[in-house]
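# Overview (structure and organization)
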Amino acid sequence: MKLALTILSIALVAVLLAIAWSEENPEWANYQRVYFDLAQRRAQSSTQADWYRTQRVEIRQISVAPLKRVDRCTTCHLAVADPNFADAPEPLRLHSALLQSHPPERFGCTVCHRGEGRAVTTLTAHGEVPGSSVRMLRGEYVQAACYLCHAEKTLPPAATSEIVAGEIAINQLRCLRCHQIDGMGESEGPDLSAIGSRRDALELDAHLLNPPAMNSGSTMPIFPITRAQAQAITVYLLTQQGDAPPANDVRYRSANFRFSIFDFRLSDRKSKFENRKSDGVLAPIVFFRYDGQQLFWAAGCGVCHRIGNEGGAVGPALTRIGRVRERDWLRRYLSDPSAVRPDGRMPQLYLNDREIDALVEFLLTLR
Ligand code: HEC
Ligand code: HEC
Ligand code: HEC
Ligand code: HEC
Ligand code: HEC
């Protein structure tokens, strides 16, 4: 066992070195090489190993014909259906069991996550570049996507909690005395029936926080709402897609595209997922290096915060934040703003640890 691990580690180093020498290769090609190489080693039979060996490094895509969508997410996220990769870091990790009822070859990825389906670099694919209208939905915000297909009918209450809370808050705060949604309400402010197709989560949250900062001269009142209420209202507004093509088209069931990487039987997946113990070998591999400054604008911090003359004025300027706050404070705050400031209004952005580290290192340079 120990010997096997040593051999595997040496092989990994070799793979990583090979990658370092091939810098002209696109990012996605590197993930594919690492994946096919490791997958051969982890294969549970020689037939499986042979299958991986014959895979070509190429762009992979899923066409979701009823929605006219083409998703290339699996060009990098190759292991979404691979039970041998339950313990791997992203983008080479097995997806949660949700894909058993929504098989990728029929649903693709962007119906739930949003993002730029055709793009093949990380931040652009995730819709996390300034100006993208399809910012990836993170954390609880993904409820908006589930709701578009399921409404409240077939979902457990936990999967619609934010939407229900948002609808209640909108009624309590009487937003419809100025706005229309689906023909109801007044017209002092713009119609919100399709607002979820025009604005992303951060813009909506920012507008609720401070309307004049988003639209100078705005007469929309500043509501004294909590962070939790703002999140719920935002998730609800994201479900307002106007006449966007109905995502719950029943033809979904008969789409017959077959995607080679998913040759594993979906029905086998759950038991394998549960049986597999994490061997930890992959954990130290870091695939993607964030540039903290780029991420600051990509993650949407600039919608609300200014650095120098650039950015929004919804939250405080961060031009000299590195003088005022320490590393640990920033790290805690970005991972859970409500734990540091229960009554504050900065939203929970559901960032992962690697993103937080990169952002914090950048913020500390602002002095
Ligand atoms: C060029 C390669 C690439 C493509 C294409 C790509 N991703 Fe990713 N994705 C990554 C990498 C790398 C990570 C891990 C980044 C990290 O550790 O923060 C990741 C992480 C993620 C995560 C987890 C983010 C988190 O909270 O930690 C989600 C969800 C995701 N991708 C969805 C998608 C979707 C949906 C698409 C298609 C629209 C897509 N990705 C296309 C490379 C890619
Ligand atoms: C039916 C909706 C749905 C579809 C389709 C879907 N996902 Fe997900 N995905 C989710 C949800 C929800 C989560 C969060 C984990 C959970 O609750 O299952 C998630 C988690 C992830 C994560 C890990 C990030 C995290 O928060 O743990 C990645 C990466 C990811 N998805 C990529 C993809 C890719 C790539 C595809 C397309 C092959 C895809 N997803 C298709 C709903 C979906
Ligand atoms: C594009 C439309 C679409 C989206 C988006 C979507 N679903 Fe589904 N979902 C379906 C369809 C269609 C089925 C039925 C699958 C089948 O029977 O072939 C289903 C099945 C399910 C089931 C299984 C129900 C059962 O009776 O077996 C659950 C649970 C579920 N979805 C939860 C979710 C969650 C949670 C999300 C958001 C993360 C989500 N869905 C997003 C279309 C969607
Ligand atoms: C007193 C009238 C009034 C009330 C009450 C009001 N709004 Fe507004 N709202 C406006 C006006 C006027 C605008 C257009 C100016 C602007 O962009 O702020 C607007 C703009 C918006 C926008 C941006 C629309 C866009 O196209 O970008 C959103 C989102 C919004 N309101 C949501 C809400 C929500 C949610 C509530 C309830 C919590 C609410 N509003 C309550 C008057 C109001
Ligand atoms: C929707 C608006 C919004 C977005 C997006 C946003 N913030 Fe904030 N942020 C705020 C508000 C408002 C405050 C003021 C404190 C409060 O009310 O919670 C704040 C406070 C902060 C502070 C603390 C400043 C201090 O010293 O008190 C930091 C640091 C910060 N934000 C960083 C970020 C980073 C990094 C991002 C992007 C990952 C981000 N923010 C995204 C609204 C936002």
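Okay, so let's go over this structure.

Analysis parameters
Residues numbered from 1 in each chain as written. Chains lettered and ligands numbered in written order. Predicted model: local features only at pLDDT ≥ 70, side-chain atom pairs only at ≥ 80, totals over all residues. Near = placed C-beta within 6 Å. Helix = DSSP H or I, 4+ residues; strand = E, 2+ residues; numbered from the N terminus. Nonpolar A, V, L, I, M, F, W, Y, C, P; charged D, E, K, R; others polar. Domains from an automatic or database assignment. Core = buried A, V, L, I, M, F, W, Y, C linked by C-beta atoms within 7 Å. Buried ≥ 20, exposed ≤ 12 C-beta atoms within 10 Å, placed from the backbone. Contact = placed C-beta atoms within 7 Å.

## Digging into the site of ligand 2
Around ligand 2, 17 residues are found, and the nearest of them are His77, Ser96, His102, Cys109 and Cys112. Looking at the shell around ligand 2, the elements with two or more residues in it are α5 (104-107) and α6 (110-113). Here the residues of the shell around ligand 2 are counted per class, giving nine nonpolar, seven polar and one charged.

## With respect to the site of ligand 5
Surrounding ligand 5, one finds 29 residues, the nearest of these being Cys301, Cys304, Gly315, Gly344 and Met346. If you list the elements that add at least two residues to the shell around ligand 5, you get α11 (201-209), α16 (301-304), α17 (321-324), α18 (327-335) and α20 (353-364). The element that contributes the greatest number of residues to the shell around ligand 5 is α11, accounting for four residues. Considered class by class, the residues forming the shell around ligand 5 number 21 nonpolar, four polar and four charged. If you count residues domain by domain, the shell around ligand 5 takes at least three from each of domain 1 (64-288) and domain 2 (292-364).

## Regarding the nonpolar core
Formed by 46 residues in total, the largest nonpolar core has its most connected members in Ala206, Ile233, Val235, Tyr236, Leu237, Leu295 and Leu359. Counting residues domain by domain, this core receives three or more from each of domain 1 (64-288) and domain 2 (292-364). In this structure Leu237 touches Leu192, Ile195, Gly196 and Leu204, once residues within four positions along its chain are discounted. Counting residues in each nonpolar core, the second largest holds 16 residues, with Val34, Tyr35, Leu38 and Ala125 among its members.

## Considering the environment of Ser335
Tracing the backbone through its elements, the reader meets Ser335 in helix α18. The sequence separation of Ser335 and Asp353 amounts to 18 residues, and the corresponding C-alpha distance is 7.7 Å.

## A look at the environment of Arg367
Among the secondary structure elements, Arg367 is positioned in the segment after α20. For the pair Arg367 and Gly322, spaced 45 residues apart in sequence, the C-alpha separation works out to 5.0 Å. For Arg367, the contacting residues outside a window of four places in its chain are Arg320, Gly322 and Arg323.

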